[in-house]
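# Observations on chain architecture
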Amino acid sequence: MQRLRESPPPKTRCLGEASDIIPAADRFLRCANLILPWLNPRELAVVAQTCKTLSLISKSLTIHRSLDAARSLENISIPFHNSIDSQRYAYFIYTPFQIPASSPPPPRQWWGAAANECGSESRPCFDSVSESGRFGVSLVDESGCECERCEEGYCKCLAFAGMEEIANECGSGCGCGSDCSNRVTQKGVSVSLKIVRDEKKGWCLYADQLIKQARRRQNIYDKLRSTQSFASALLVVREHLPSGQACLRINIDATRIGNVARFINHSCDGGNLSTVLLRSSGALLPRLCFFAAKDIIAEEELSFSYGDVSVAGENRDDKLNCSCGSSCCLGTLPCENT
């Protein structure tokens, strides 16, 4: 006679218990993938020492961070390359927008986990930023051009207003759309770049493709320079107000918060980038923009002149040594003291 197998007793389900039980290991990994991308390198190193699983996740995060400094906030990924030491990336808060000093800085920024590991709902949403927010602090009166389709070089937004030493572009107060040709600097990084570690200079920004000189756009700004007083764009910008009785000083500080331009180094020979101060219609603060001053080949470092160095400043004790390596290097980095 065949013995009947006894079926196991049915499991008693507690009140409110879900039918699909997630194993503890899966819950642990999900929590780790949600939390660890918000940590800074020091915190991530401490967590990595707690267990083997978190160590592997931390290593994966480090690799993902080194693949894109822009955190997917730009059109193109900007990777780190370091063959000098063990530092895989430079940590800072990335923003493609202006953040005035009066605004509280974001204490954390999601960075590192792959999109399929950590759902999109866990990432900060920058697409919801208003158009005026992309241009910085807006004026109360956001007046701009009424063009439905601007023609480059002919839109009134490109002209200087009054005593301004800053070029203008279309902005949030204009009738044209985001694809307007007079919004070149508002479309983010448009060429392939990479951040390379140098033994003397630290992190440097390099071209990862051939970058053609922005001849047509540069000709417009050259024409403006010939007819107006066009100030050189430095990291400390002073703009004379229309009254002529006051001066607006703008300090551009990317120590903690900035974009990929924070890695552009100084060159005493002027470098291969030209700097232009541009204000979008309706915005109070201008932006410091970089254009190729000549054709730049791949693997060439991007650089520009931080300013002039006076002879008296070269003998100061608090001067910063320059390592640009150009044939006309003065040995001292420009700053307000020099």
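One can find the structure itself at the top, above this paragraph.
Here the structure is a predicted model, which is why all the values come from computation and not from measurement.

Further remarks concern the overall build of the protein. Secondary structure summary: the protein contains five helices and 12 strands in total. Counting across all 338 residues of the protein, residues that qualify as buried make up 38%. Here the protein displays about 20200 Å² of accessible surface, and carbon together with sulfur accounts for 52% of that area.

In this section: the packing of helix 2 (residues 41–48) against helix 3 (residues 52–67). Between helix 2 and helix 3, whose axes approach to 8 Å, the crossing angle comes to 150 degrees. On the basis of the axis angle, helix 2 is roughly antiparallel to helix 3. Facing helix 2, whose interface residues are Pro-41, Leu-44, Val-47 and Ala-48, helix 3 presents Leu-54, Ser-55, Ser-58, Leu-61, Thr-62 and Arg-65. A breakdown of the residues in the contact of helix 2 with helix 3 according to their chemical character gives six nonpolar, three polar and one charged.

Looking now at the sheet that holds strand 5 (residues 202–207). Paired through their backbone hydrogen bonds, the strands of a sheet run either parallel or antiparallel. Spatially, the three strands line up as an open sheet ordered 1-4-5, and their pairing is mixed. Only two strands of the sheet have a single partner each, and these edge strands are strand 1 (80–81) and strand 5. Where strand 4 (residues 193–198) meets strand 5, six bridges bridge the pair, whose relative direction is antiparallel. Along strand 5, the bridge assignment pairs Arg-197 with Trp-203.

Applying the stated rule across the entire model yields seven salt bridges. Put simply, Glu-43 and Arg-108 hold a salt bridge, and the shortest N to O gap is 2.5 Å. Placement of the pair is Glu-43 in helix 2 and Arg-108 in the loop between strand 2 (93–94) and helix 4 (131–134), with a sequence separation of 65 residues. Here Glu-43 falls in the partly exposed class, since its relative accessible area comes to 26%. Classification of Arg-108 by relative accessible area gives partly exposed; the value is 36%.

Below, the discussion takes up the environment of Ile-57. As for its position among the elements, Ile-57 is in helix 3. Taking relative accessible area as the criterion, Ile-57 reaches 11% and is therefore assigned buried. As a C-alpha pair, Ile-57 and Asn-33 span 24 residues in sequence and 7.8 Å in three-dimensional space. For Ile-57, the residues in contact, after removing those within four places along its chain, are Leu-29, Ala-32, Asn-33 and Leu-36.

Let's shift gears to the nonpolar core. Membership of the largest hydrophobic core comes to 34 residues, with the highest contact counts inside it found for Phe-80, Ile-195, Val-260 and Phe-263. Mapped by element, the contributors of at least two residues to this core are helix 3, strand 4 and strand 5. The residues contacting Phe-263, other than those within four sequence positions of it, are Phe-80, Ala-90, Phe-92, Ile-195, Trp-203, Cys-204 and Leu-205. Counting eight residues, the second-largest nonpolar core is a separate cluster that includes Cys-155, Cys-174, Cys-176 and Cys-180.

Strand order in the open sheet made by the three strands is 3-10-11, with mixed pairing throughout. Here the strands that pair on one side only, and so sit at the sheet edges, are strand 3 (167–169) and strand 11 (287–292). If you compare each strand with its neighbour and ignore which way they point, the axes differ by 50 degrees on average. Two strands pair when backbone bridges link them, and strand 10 (residues 273–280) and strand 11 are joined in this way by six bridges, in the antiparallel orientation. Directly across from Leu-277, in strand 11, lies its bridge partner Leu-288.

How each quantity is defined
- Residues numbered from 1 in each chain as written.
- Predicted model: local features only at pLDDT ≥ 70, side-chain atom pairs only at ≥ 80, totals over all residues.
- Heavy atoms only, no water.
- Helix = DSSP H or I, 4+ residues; strand = E, 2+ residues; numbered from the N terminus.
- Buried < 20%, exposed > 50% of the residue type's maximum accessible area, 1.4 Å probe, protein only.
- Areas by Shrake-Rupley, 256 points an atom, 1.4 Å probe, with all protein chains shown as cover.
- Axes fitted to C-alpha atoms, helices over the stretch in contact; angles between N-to-C directions.
- Parallel < 35°, antiparallel > 145°, perpendicular 65-115°, else oblique.
- Contact = heavy atoms within 4.5 Å.
- Nonpolar A, V, L, I, M, F, W, Y, C, P; charged D, E, K, R; others polar.
- Pairing = 2+ DSSP bridges.
- Salt bridge = Lys/Arg side-chain N within 4 Å of Asp/Glu carboxyl O.
- Core = buried A, V, L, I, M, F, W, Y, C linked by side-chain atoms within 4.5 Å.

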